[in-house]
Amino acid sequence: MNTTTGGPLEDRETGSGAGLLRVHPDGTASPGSRRFGIVLSVSVVVFLAVALVISPPDSGAGASENAMGEMVRIMYVHVPVANACYLAFFMTALASVMYLWKKTEGWDSLAAASAEVGVVFTALTLATGSIWGKIAWGTWWEWDARLTSTLLMLVVYIGYLALRRAILDPVVRAKRAAIVGLVAFANVPIVHYSVTWWRGLHQEATISRFDPTIDGGKLFALMFGLLLGVALYVWLMIHRFRLQYAEARLESKGLDVALAERRAEAVADRPQAGAPLAAAAQKGTNP
Amino acid sequence: MNALLLAAAEADPNEWSYVAAAYALVVGVILLYAIWTIVRGRKVGRQLPPEDRRWM
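Analysis parameters
Counting from 1, residues in each chain are numbered in the order their sequence is written. Going through the entries in the order they are written, you letter the chains from A and number the ligands from 1. The predicted origin of the model limits local features to residues at a pLDDT of at least 70 and limits the giving and counting of side-chain atom pairs to 80 or more, whereas totals for whole chains, interfaces and linings rest on all residues. Heavy atoms from the whole structure form the basis of all side-chain values; hydrogens and water molecules are not counted. Where helices and strands are cited, they refer to DSSP runs of H or I of at least four residues and of E of at least two residues respectively, numbered from the N terminus. Only protein chains enter the accessibility calculation, which uses a 1.4 Å probe. A residue is then buried if its area is under 20% of the maximum for its type, exposed if over 50%, and partly exposed in between. Areas reported as accessible are Shrake-Rupley estimates using a 1.4 Å probe. Residue values count occlusion only from the protein chains shown. Contacts are assigned to residue pairs with any non-hydrogen atoms lying within 4.5 Å of each other. Accessible surface is computed with a 1.4 Å probe, and the buried area is the amount of it that two parts give up when combined, taken over both parts together. One speaks of a salt bridge when a side-chain nitrogen belonging to Lys or Arg is within 4 Å of a carboxyl oxygen belonging to Asp or Glu. Any pair of nitrogen or oxygen atoms within 3.5 Å is treated as a polar contact; in protein, a donor-acceptor pairing is required on top of that, and neighbouring residues in sequence qualify only through side-chain atoms on both sides. All amino acids are sorted into three groups, where Ala, Val, Leu, Ile, Met, Phe, Trp, Tyr, Cys and Pro are nonpolar, Asp, Glu, Lys and Arg are charged, and the leftover types, Gly among them, are polar. Orientation is described by lines fitted to C-alpha atoms, with helices fitted over the stretch in contact, and by angles between N-to-C directions that extend from 0 to 180 degrees. For classification, angles of less than 35 degrees are called roughly parallel, those exceeding 145 degrees roughly antiparallel, those between 65 and 115 degrees roughly perpendicular, and all remaining angles oblique. Scored from 0 to 100, pLDDT reflects the predictor's confidence in each residue. Our arc is simply the arc of the directions from the helix axis toward the C-beta atoms. Ring geometry is summarised as follows: Phe, Tyr and Trp rings, the Trp one being its six-membered ring, pair when their centres sit within 6.5 Å, and such pairs are stacked at plane angles under 30 degrees, edge-to-face over 60 and tilted between the two. Charge-over-ring placement is defined geometrically: NZ (Lys) or CZ (Arg) within 6 Å of the ring centre, and within 35 degrees of the ring normal. Definitions used throughout: a 1 Å grid over protein atoms alone; a cavity as a set of points that fits a 1.4 Å probe which cannot get out; a pocket as an open set with protein on both sides within 12 Å along at least five of seven lines; a lining residue as one with an atom within 4 Å of a point. Grid points are joined across faces, edges and corners, and a volume is the space filled by probe spheres set on the points. By nonpolar core we mean a set of buried residues, namely Ala, Val, Leu, Ile, Met, Phe, Trp, Tyr and Cys, connected to one another through side-chain atoms within 4.5 Å. Each domain's extent was defined by an automatic or database domain assignment. Two helices cross in a left-handed way if the nearer one is turned anticlockwise from the farther one by less than a right angle. They cross in a right-handed way if the turn is clockwise.

Visitor: Tell me about the overall build of chain B, residues and numbers included.
Guide: Along its length, chain B carries 2 helices and 0 strands. When the 56 residues of chain B are sorted by exposure, 34% land in the buried category. Carbon and sulfur atoms make up 65% of the accessible area of chain B, which totals about 3,600 Å².

Below, the structure is given as structure tokens:
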């Protein structure tokens with residue numbers, strides 16, 4: 001932090017300051033989010049060291065006959081991004097309920113921002129799962145219950161984002177998007193329990209009910225990844241929500257300006273429209 | 001440490017290429033998305049009056 005320029009307050013007001021804590025005056029960052037970002041960046045580097053170097057491969061003396069070898073490392077990113085997409089879509093559903101109840105712009109912005117972040121994480125879940133499948137199952141894709149329901153979830157939330165772009169009226173858009181955001185969440189438990197309900201290629205949960213099927217360094221790497229996934233979601237959401245909010249404010253201001261211009265035009269047109277009537281009244285005839 | 005080096009030496013390089021691809025994809029996509037969000041935030045924020053940027 002730059003101690004000679006007056007600290008974070010000055011940084012906020014002028015965008016000045018030095019080093020990593022400098023906050024852009026027009027951006028979505030605040031001093032708090034900047035600090036959080038720095039901690040996250042360091043944590044990502046530590047996580048990569050733990051996941052790729054320090055944690056052992058799944059091929060030691062205690063490993064099962066289904067040992068995954070080095071491929072176990074993919075799990076340390078695949079499971080956290082999947083967990084983060086569940087969290088994102090839960091937040092979309094929650095914000096949708098809150099919007100339908102409170103009818104405030106902020107909840108709608110939160111739902112939209114979280115859905116977009118969730119789509120990114122879902123796409124990553126499918127991509128990393130596909131890489132895993134190529135080695136573990138010998139195929140990039142299989143119409144397994146987990147894979148198919150996850151793909152469906154991705155398509156539904158892309159549809160949610162498309163719907164938001166298709167409707168111009170902000171109030172109608174927010175209401176319809178909230179209903180879709182709520183209904184779409186019904187697929188999330190189906191995705192999660194699909195491995196239990198329909199036996200397929202995808203393995204069952206690795207850590208559930210405090211009875212993990214992995215331990216030691218591998219469990220630590222996975223838990224670290226899970227925490228980091230949630231933290232990354234929160235950081236992305238801080239920025240994406242502020243962007244969504246800023247866009248909504250701009251849109252609202254644009255509408256206000258357009259309405260004001262229309263009213264001004266209507267007022268300017270009024271005397272002209274009334275002129276023939278006044279002339280006719282003076283002559284005592286019908287216009 | 002020796003066990004780690006031994007494991008690394010015995011590891012299938014083909015497996016490592018898949019692992020590397022998965023990590024590069026996750027880190028790369030999240031990084032690009034974060035950059036896109038920040039850049040777009042600055043662009044939109046520039047058009048917004050300071051009183052509407054309540055986080056500042």
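Visitor: Give a detailed account of the interface of chain A and chain B, specifying residues and quantitative values.
Guide: Interface size is commonly expressed as the accessible area that is lost once the parts come together. Contacts between chain A and chain B engage 50 residues on the former and 35 residues on the latter. Carbon and sulfur atoms make up 75% of the surface buried where chain A meets chain B, a total of about 3,800 Å² over both sides. Our count for the contact surface shared by chain A and chain B stands at 1 salt bridge. When the shortest N-O distance is used, the salt bridge between Glu-247 of chain A and Arg-40 of chain B registers 2.6 Å. Taken together, the connections running from chain A to chain B amount to 4 residue pairs in polar contact (both at pLDDT 80 or more). Elements with a contribution of two residues or more to the side of chain A that touches chain B: helix 2 (31-54), helix 3 (72-102), helix 4 (105-136) and helix 8 (216-283) of chain A. Counting residues per element, the side of chain A that touches chain B draws most heavily on helix 8 of chain A, which supplies 13 residues. Residue composition of the side of chain A that touches chain B, grouped by class: 31 nonpolar, 7 polar and 12 charged.

Visitor: An account of the packing of helix 5 (residues 145-166) of chain A against helix 6 (residues 170-184) of chain A is requested, with residue identities and associated values reported.
Guide: Residue and element names in this part refer to chain A. Two elements in contact, helix 5 and helix 6, have axes separated by 9 Å at closest approach and are oriented at 175°. For the element pair helix 5 / helix 6, the angle class is roughly antiparallel. Together, Val-156, Tyr-157, Tyr-160, Leu-163 and Arg-164 of helix 5 and Arg-173, Arg-176, Ala-177, Val-180, Gly-181 and Ala-184 of helix 6 make up the contact between the two elements. Here the residues of the contact of helix 5 with helix 6 are counted per class, giving 7 nonpolar, 1 polar and 3 charged.

Visitor: Mind laying out the confidence of the model for chain A, listing which residues take part and the relevant values?
Guide: Residues and elements named next belong to chain A. Summarising the model, chain A shows a mean pLDDT of 83, and 80% of its residues fall at 70 or more. At the level of individual helices and strands, chain A shows its lowest average pLDDT in helix 1 (residues 8-14), which scores 42, and its highest in helix 3, which scores 96. Ignoring residues within four places in sequence, the model shows residues 1-17, a span with pLDDT below 50, making 25 contacts including any to other chains.

Visitor: Account for helix 7 (residues 187-197) of chain A, with residues named and values stated.
Guide: By the burial criterion, the buried members of helix 7 of chain A are Asn-187, Val-188, Val-191, Ser-194 and Val-195 of chain A. Looking down the long axis of helix 7 of chain A, one finds its buried residues gathered within 135° of arc, a one-sided arrangement.

Visitor: Please give an account of the side chain of Ser-109 of chain A that cites residues and values.
Guide: Residues and elements named next belong to chain A. Within the secondary structure, Ser-109 is located in helix 4. On the accessibility criterion, Ser-109 (2% relative accessible area) is buried. Residues within four places of Ser-109 in sequence aside, it is in contact with Phe-241, Gln-244, Tyr-245 and Ala-248.

Visitor: So, the packing of aromatic side chains: which residues are in play, and what are the values?
Guide: Residues and elements named next belong to chain A. Scanning the entire structure with this criterion turns up 9 aromatic pairs over all chains. Measuring from centroid to centroid gives 3.6 Å for Phe-89 and Tyr-157, while their planes differ by 10°, and the two rings are stacked. In this pair, Phe-89 sits in helix 3 while Tyr-157 sits in helix 5, placing the two residues 68 residues apart along the sequence. Aromatic pair Phe-220 and Phe-224: ring centres 6.0 Å apart, planes at 55°, arrangement tilted. You can see Phe-220 and its partner Phe-224 sitting in helix 8, 4 residues apart, about one turn around the helix. Following the ring pairs from residue to residue traces out a cluster consisting of Phe-47, Phe-220 and Phe-224. For the cation-ring pair, Lys-102 lies above Trp-101, with the distance from its terminal atom to the ring centre recorded as 4.3 Å.

Visitor: An account of the layout of surface pockets is requested, with residue identities and associated values reported.
Guide: Rolled over the atoms, a probe sized like a water molecule indicates the empty space that remains. Reported here for the second largest pocket is a volume of approximately 770 Å³. If you trace the second largest pocket, you find 35 residues lining it, with Ser-41, Leu-232 and Trp-235 of chain A together with Leu-31 and Ala-34 of chain B closest to the centre. Those elements that provide at least two residues to the lining of the second largest pocket are helix 2, helix 3 and helix 8 of chain A together with helix 2 (13-47) of chain B. Of the residues in the lining of the second largest pocket, the class split is 24 nonpolar, 9 polar and 2 charged.

Visitor: Quick one: what's the story with the nonpolar core, residue by residue and with numbers?
Guide: Phe-47, Tyr-76, Phe-121, Tyr-157 and Leu-236 of chain A are the most contacted members of the largest nonpolar core, which totals 58 residues. Contributing elements (two or more residues each) for this core: helix 2, helix 3, helix 4, helix 5, helix 6, helix 7 and helix 8 of chain A together with helix 2 of chain B. Viewed by domain, this core spans two of them, domain 1 (1-54) and domain 2 (66-205 + 212-261) of chain A, each represented by three or more residues. Beyond its immediate sequence surroundings of up to four residues, Phe-121 of chain A is in contact with Val-81, Ala-84, Cys-85, Tyr-233 and Leu-236 of chain A together with Ile-30 of chain B. If you look at the next biggest cluster of nonpolar residues, it comprises 6 residues, including Tyr-245 and Ala-246 of chain A together with Val-44 and Leu-48 of chain B.

Visitor: Please set out the packing of helix 5 of chain A against helix 7 of chain A residue by residue, giving values where relevant.
Guide: Residue and element names in this part refer to chain A. The interhelical angle for the contact between helix 5 and helix 7, taken along N-to-C directions, is 165°, at an axis separation of 8 Å. Looking at the two axes, helix 5 sits roughly antiparallel to helix 7. With respect to the hand of their crossing, helix 5 and helix 7 are arranged in left-handed fashion. When helix 5 is examined against helix 7, the residues Ala-145, Arg-146, Ser-149, Thr-150, Leu-152, Met-153 and Tyr-157 are found in contact with a partner set consisting of Asn-187, Val-188, Ile-190, Val-191, His-192, Ser-194 and Val-195. By residue class, the composition of the contact of helix 5 with helix 7 is 8 nonpolar, 5 polar and 1 charged.

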